[in-house]
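Descriptive structure summary
Chain residues, written in single-letter form:
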Amino acid sequence: MELDHQDQDRLLGLDDISPELLEVAQKKNIVIFGLGGLGCPVALYLSAFGCQNLNFVDFDTVDQTNLSRQILFDIHDLGQKKVAVSKHKLLQRYPNIKINTYEDRLDLNHIDQLILQSDIVFDCTDNFDSRLIIAGYARKHNKWLIAGSVIRYEAQLAVFSNSRDADCCYGCLYEINNDPMINCEGGGVFPPLAGQVGTYMASEGIKAMLFNDTNLDGKIQIFDLKNNEWKTLRINKSKDCKICRN
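The rules behind the values
- Residues numbered from 1 in each chain as written.
- Predicted model: local features only at pLDDT ≥ 70, side-chain atom pairs only at ≥ 80, totals over all residues.
- Heavy atoms only, no water.
- Helix = DSSP H or I, 4+ residues; strand = E, 2+ residues; numbered from the N terminus.
- Buried < 20%, exposed > 50% of the residue type's maximum accessible area, 1.4 Å probe, protein only.
- Phe/Tyr/Trp six-rings, centres within 6.5 Å; stacked < 30°, edge-to-face > 60°.
- Core = buried A, V, L, I, M, F, W, Y, C linked by side-chain atoms within 4.5 Å.
- Contact = heavy atoms within 4.5 Å.
- Pairing = 2+ DSSP bridges.
- Axes fitted to C-alpha atoms, helices over the stretch in contact; angles between N-to-C directions.
- Expected span 1.5 Å × (residues − 1).

Observations regarding unusual backbone geometry
- For Asn162, which is not glycine, the phi torsion reads 55° and is therefore positive.
- Inspection of the secondary structure assignment puts Asn162 in the loop between β6 (154–160) and α6 (170–173).
- Owing to a relative accessible area of 1%, Asn162 belongs among the buried residues under this scheme.
- Residue Asn212 is not a glycine yet carries a positive backbone phi of 50°.
- As for its position among the elements, Asn212 is in the loop between α7 (191–211) and β7 (219–224).
- By relative accessible area, which is 53% here, Asn212 ends up exposed.

Right, here's the structure in full:
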């Protein structure tokens, strides 16, 4: 497909982005795991960016409790599959993009193959077991991983290039399951914070798509919205990390 960059005119106004660079980035293969409070803004901004190979993975349906923070859905979508609704709405707005959807629970082999075929992996899931599985395959196949989580007024964003010489991975961050952010499923969430972090995830992913680089690689950002405190920490490689060992 020949890409029309007219809708990216303001982006191309940046000194370090050329039409050729943009076209290469738009053709990268992207997978988004989870279309909830984080996944919705990620999917929206990657679609607006003009991604030609988007893959949405979520087996859940739209529930009324989702509507305050999952910005792609409205009351007319209740009971429908999130991936199907998201694909329909985003293609209406951005008809030149391509979206594949996966609405059933995937076994490990399917997850492995999906990540193998991707360039950038967005982990927008809300439970630790899923995150470890996704992170393990992203590390195995040396794929960029952008991982976010939100609960209450707190959020975290971590970025890993997972290159062969990378200093650390997601498993180095949580070698012990004792962090309050690990399982966000069912916890209270300040709705705008999910949108903020999801937008930030999309920004870091687009930078990786364009430049194969981001200065957050190997770091975690921690946000405390209630006290308006942000901090950035470098993640140290753990000799006990099961993902790195394997």
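Quick notes on the packing of aromatic side chains
- The full count for this structure, using the stated rule, is 5 aromatic pairs.
- Residues Phe160 and Tyr170 carry aromatic rings whose centres are separated by 6.3 Å and whose planes lie at 75° to one another, so their mutual orientation is edge-to-face. Taken together, the residues Phe160 in strand β6 and Tyr170 in helix α6 connect sequence positions 10 residues apart. As far as burial versus exposure is concerned, Phe160 and Tyr170 are alike and both buried.
- Ring-pair connections join several aromatic residues into one group, and the members of that group are Tyr200, Phe223 and Trp230.

What about the nonpolar core?
- Among the nonpolar cores identified, the biggest contains 44 residues, and Ile30, Ile32, Leu46, Phe56, Phe122, Met201 and Met209 are the most heavily contacted of them.
- Per element, the largest residue contribution to this core is 7 residues, and it comes from α7.
- Dropping the residues within four chain positions of it, Met201 is found in contact with Leu38, Val42, Phe122, Asp123, Cys124, Ile146, Ala147, Gly148 and Leu157.
- Core analysis: the second largest hydrophobic core is formed by 25 residues, Phe33, Val121, Cys169 and Ile243 among them.

Focus: the sheet that holds strand β2 (residues 53–57)
- Read from one edge of the open sheet, 8 strands run β3-β2-β1-β4-β5-β6-β7-β8, paired in mixed fashion. Strand pairing shows two members of the sheet lacking a second neighbour, β3 (99–102) and β8 (229–234), which therefore form its edges. Neighbour-to-neighbour, the strand axes of the sheet open up by a mean angle of 15°, direction not taken into account.
- Strand direction decides the pairing type here: strand β4 (residues 120–123) and strand β5 (residues 144–151), joined by 4 bridges, are parallel. When the bridges of β5 are listed, Val121 appears paired with Leu145.
- On the sheet, helix α2 (residues 39–49) packs against β1 (29–33), β2 and β4 and is oriented at approximately 160° with respect to β1.
- Contacting β1, β4 and β5, helix α5 (residues 128–140) runs over the sheet at an angle of about 165° to β5.

A few points about the environment of Leu173
- With respect to the helices, strands and loops of the structure, Leu173 is situated in helix α6.
- Residue Leu173 is classed as partly exposed on the basis of its relative accessible area of 22%.
- Look past the residues within four positions of Leu173 in its chain and what remains in contact with it is Ala158, Ile220 and Ile235.

Brief notes about α7
- Across its 21 residues, α7 extends 31 Å between first and last C-alpha, which sits within 8% of the 30 Å expected from 1.5 Å per residue.
- Every buried residue of α7 is listed here: Leu193, Ala194, Val197, Gly198, Met201, Ala202, Glu204, Gly205, Ile206, Ala208, Met209 and Leu210.
- Directly after α7, the chain includes Asn212, whose backbone phi takes a positive value near 50°.

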